[in-house]
Amino acid sequence: MRMPKISTLKDAARLFTLLLLVAMAATYVSNLANEEIAGRVIVLDGDSLRVEGREVRLAGIDAPEHGQMCQNAADNVYDCGARAKRELQRLAMAGYVRCESSAEDQYGRALAECLVDGSQISLNETMVRLGWAVDYGGYSGAEFMARRKGIGLWAGSFDRPHDYRAGKSGQTGSPWLLRLLGRGSVDD
């Protein structure tokens with residue numbers, strides 16, 4: 001890259017100002033990439049929180065949607081999205097968490113790893129390890145253990161949240177529930 005010729009003090013001031021603005025913008029973007037969010041928690045669903053007014057999505061996991069129906073080991077149908085939300089509320093009942101965000105999702109929510117303050121308990125990993133969320137890029141070992149133990153969602157049958165969302169458009173009920181009720185095929 002060829003540097004422009006600086007012929008006057010005014011040109012030097014402009015160049016300095018431009019470089020300063022670029023440096024400030026880079027610092028701002030860098031700080032966004034590693035934002036720390038800490039405070040009181042409101043649980044929105046099984047993988048989303050509001051921390052001090054900032055919406056946070058637990059990175060690397062996917063929990064059932066509110067209204068998503070699953071089947072437990074006793075063949076009873078239940079709202080597993082509501083159950084996942086209750087589990088996350090129980091885990092975060094201290095009401096204070098610390099989240100380290102590395103990015104934002106398409107809805108402007110911080111994608112973060114969240115820890116219960118004062119401990120090293122990851123809400124993200126614990127939700128998967130207890131079987132109330134599935135791995136969505138980072139917790140395959142925790143999912144494997146939950147599946148092996150047959151706990152949480154793995155105690156019965158369910159549609160993965162991503163599949164449920166994909167099949168939900170234009171339908172009432174999940175693909176799994178539609179099959180259960182005889183309104184869909186196994187190949188749906």
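Structural data are supplied above this passage.
These notes cover the structure that comes with them. (Residues numbered from 1 in each chain as written. Predicted model: local features only at pLDDT ≥ 70, side-chain atom pairs only at ≥ 80, totals over all residues. Heavy atoms only, no water.)

Concerning the packing of aromatic side chains
Spelled out, the test is: We call Phe, Tyr and Trp rings a pair once their centres come within 6.5 Å, taking the six-membered ring for Trp, and we label the pair stacked below 30 degrees between planes, edge-to-face above 60, and tilted otherwise. Residue burial is assigned from relative accessible area. The probe radius is 1.4 Å, only protein chains are included, and a residue is buried under 20% of its type maximum, exposed over 50%, and partly exposed in between.
Inspection of every chain in the model, using the stated rule, returns one aromatic pair. Aromatic pair Trp-154 and Phe-158: ring centres 4.8 Å apart, planes at 80°, arrangement edge-to-face. Taking relative accessible area as the criterion, Trp-154 reaches 16% and is therefore assigned buried.

Some remarks on the sheet that holds strand E1 (residues 35-45)
Our working rule: Pairing between strands requires that DSSP locate at least two bridges from one strand to the other. By definition, any uninterrupted DSSP run of H or I lasting at least four residues is a helix, any uninterrupted run of E lasting at least two residues is a strand, and each is numbered from the N terminus. Lines fitted to the C-alpha atoms define the axes, with helices restricted to the stretch that makes contact. Angles between their N-to-C directions range from 0 to 180 degrees. Contacts were defined at the residue level, with two residues in contact if any of their heavy atoms lie within 4.5 Å.
Strand order in the closed barrel formed by five strands is E1-E2-E3-E8-E7, and the pairing between neighbours is mixed. Geometrically, the sheet is characterised by an average inter-axis angle of 55° between neighbouring strands, direction not taken into account. Relative to strand E8 (residues 110-116), strand E7 (residues 96-104) runs antiparallel, the two being bridged by seven bridges. Within the sheet, the bridge partner assigned to Glu-104 lies in E8 and is Ala-110. Its contacts with the sheet put helix H2 (residues 80-91) on E1, strand E2 (48-51), strand E3 (54-58) and E8, and the angle it makes with E1 is roughly 135°.

Some points on the pattern of salt bridges
A side chain of one charge can pair with a side chain of the opposite charge when the charged atoms of the two come close. For the record, the criterion: By definition here, a salt bridge exists when the distance from a side-chain nitrogen of Lys or Arg to a carboxyl oxygen of Asp or Glu is within 4 Å.
Taken as a whole and judged by the stated rule, the model has 12 salt bridges. For Arg-109, the salt bridge goes to Asp-105, with nearest N and O atoms at 2.6 Å. As far as burial versus exposure is concerned, Arg-109 and Asp-105 are alike and both buried. Residues joined in a network through salt bridges with shared partners are Asp-47, Arg-57, Asp-62, Glu-65 and Arg-165.

Observations regarding the side chain of Asp-62
The following threshold applies: Any N or O atom pair separated by 3.5 Å or less is treated as a polar contact, with the protein-specific requirement of one donor-capable and one acceptor-capable atom, and with residues adjacent in sequence counted only for side-chain atom pairs.
As for its position among the elements, Asp-62 is in strand E4 (residues 61-62). For Asp-62, the side chain forms a polar contact with the side chain of Arg-165, separated by 2.8 Å. Setting aside its immediate chain neighbours within four residues, Asp-62 contacts Asp-47, Arg-57, Ala-133, Val-134, Tyr-136, Pro-161, His-162 and Arg-165.

Observations concerning the state of the cysteines
This is how the line gets drawn: By disulfide we mean two sulfur atoms from cysteines, separated by a distance within 2.5 Å.
Counted according to the given criterion, the structure contains two disulfides. Here Cys-70 pairs with Cys-80 through a disulfide, and the sulfurs are 2.0 Å apart. An S-S torsion of about 50° defines the bridge between Cys-70 and Cys-80 as right-handed. Separated by 10 residues along the polypeptide, Cys-70 in strand E5 (residues 69-71) and Cys-80 in helix H2 bring together distant segments of the chain. The disulfide partner of Cys-99 is Cys-114, and the gap between their sulfur atoms is 2.1 Å.

Comments concerning the nonpolar core
Note on soluble globular proteins: their nonpolar side chains tend to be buried together. Put simply, the test is: What we call a nonpolar core is a set of buried Ala, Val, Leu, Ile, Met, Phe, Trp, Tyr and Cys residues that are connected through their side-chain atoms within 4.5 Å.
Counting residues in hydrophobic clusters, the biggest one holds 34 residues, and the most contacted among them are Leu-49 and Leu-123. Those residues in contact with Leu-49 that lie beyond four places of it in its chain are Val-41, Ile-42, Val-43, Leu-44, Arg-54, Glu-55, Val-56, Leu-58, Leu-88, Val-97, Cys-114 and Leu-123.

Some details on the pairing of E8
Burial analysis of E8 places five of its seven residues in the buried class, which makes it a mostly covered element. One ladder, built from three bridges, connects E3 with E8; its direction is parallel. When the sheet's bridge partners are listed, Leu-58 is paired in E8 with Ala-112. The hairpin turn running from E7 into E8, its antiparallel successor, is five residues long, and Gly-108 in that turn takes a positive phi close to 85°.

Topic: the pairing of E1
In terms of strand pairing, E1 meets E7 through six bridges, oriented antiparallel. Across the sheet, residue Gly-39 finds its bridge partner in E7, namely Val-97. From the end of E1 to the start of E2, which pair antiparallel, there are two residues.

Some details on the side chain of Ser-48
Relative to the helices and strands, Ser-48 resides in strand E2. A polar atom in the side chain of Ser-48 sits 3.3 Å from the side chain of Arg-109. Ignoring any residue separated from it by four or fewer positions in sequence, one finds Ser-48 in contact with Val-43, Val-56, Arg-57, Leu-88 and Arg-109.

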